[in-house]
Amino acid sequence: MQKTLYLATFDVGCTHILRVFYAADEDEKEQKKSDLEKEINAVCKSLEHYPNGFRLVMSTLPGMVEVTEDVQPRTMEV
């Protein structure tokens, strides 16, 4: 199963929190966004998808990942 990379931005007081996650479809994307909003206790300011990935401080996050029952991507805090 292919999952697409998303970047969620949260405006929290004087700072921003960026969270990245992978989702297979619209339902999973909205569920993960909702989970993050509850965890961070803030409304998601923007949510962008990056099917081709992006480069972040000398690191490359793939735009798509292969997911199996044994291998699941984790949500990472940036």
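Look above for the structure.
Here is a short report on the structure shown in this document. (Residues numbered from 1 in each chain as written. Predicted model: local features only at pLDDT ≥ 70, side-chain atom pairs only at ≥ 80, totals over all residues. Heavy atoms only, no water.)

Re the nonpolar core
Working step 1: Listed in full, the nine residues of the largest apolar core are Tyr6, Ala8, Phe10, Phe21, Ala23, Leu36, Ile40, Ala42 and Cys44.
Working step 2: Among the secondary structure elements, those contributing two or more residues to this core are β1 (2-12), β2 (15-23) and α1 (26-40).
Working step 3: No other element matches the three residues that β1 contributes to this core.
Working step 4: In contact with Ile40, not counting residues within four places along its chain, are Phe10, Val12, Ile17 and Arg19.
Working step 5: If you look at the next biggest cluster of nonpolar residues, it comprises seven residues, including Leu7, Val20, Val65 and Val67. (Core = buried A, V, L, I, M, F, W, Y, C linked by side-chain atoms within 4.5 Å. Buried < 20%, exposed > 50% of the residue type's maximum accessible area, 1.4 Å probe, protein only. Helix = DSSP H or I, 4+ residues; strand = E, 2+ residues; numbered from the N terminus. Contact = heavy atoms within 4.5 Å.)

What about α1?
Along an α-helix, residues three or four positions apart point the same way, because every turn accommodates 3.6 residues.
Working step 1: Counted at 1.5 Å a residue, the expected span for α1 with its 15 residues is 21 Å, and the 21 Å between its end C-alpha atoms agrees.
Working step 2: Every buried residue belonging to α1 is among Lys29, Lys32, Leu36 and Ile40, and all of these are buried. Buried residues of α1, viewed axially, fall in a sector of 70°; they line one side. Exposed side chains of α1 directed beyond 90 degrees from the buried face belong to Asp27 and Lys38.
Working step 3: N-capping of α1 is provided by Asp25, with a side-chain oxygen placed 3.2 Å from the backbone N of Asp27.
Working step 4: Backbone geometry just after α1 places Asn41 at a positive phi near 65°. (Expected span 1.5 Å × (residues − 1). Arc of directions from axis to C-beta. Polar contact = N/O pair within 3.5 Å; in protein donor to acceptor, adjacent residues only side chain to side chain.)

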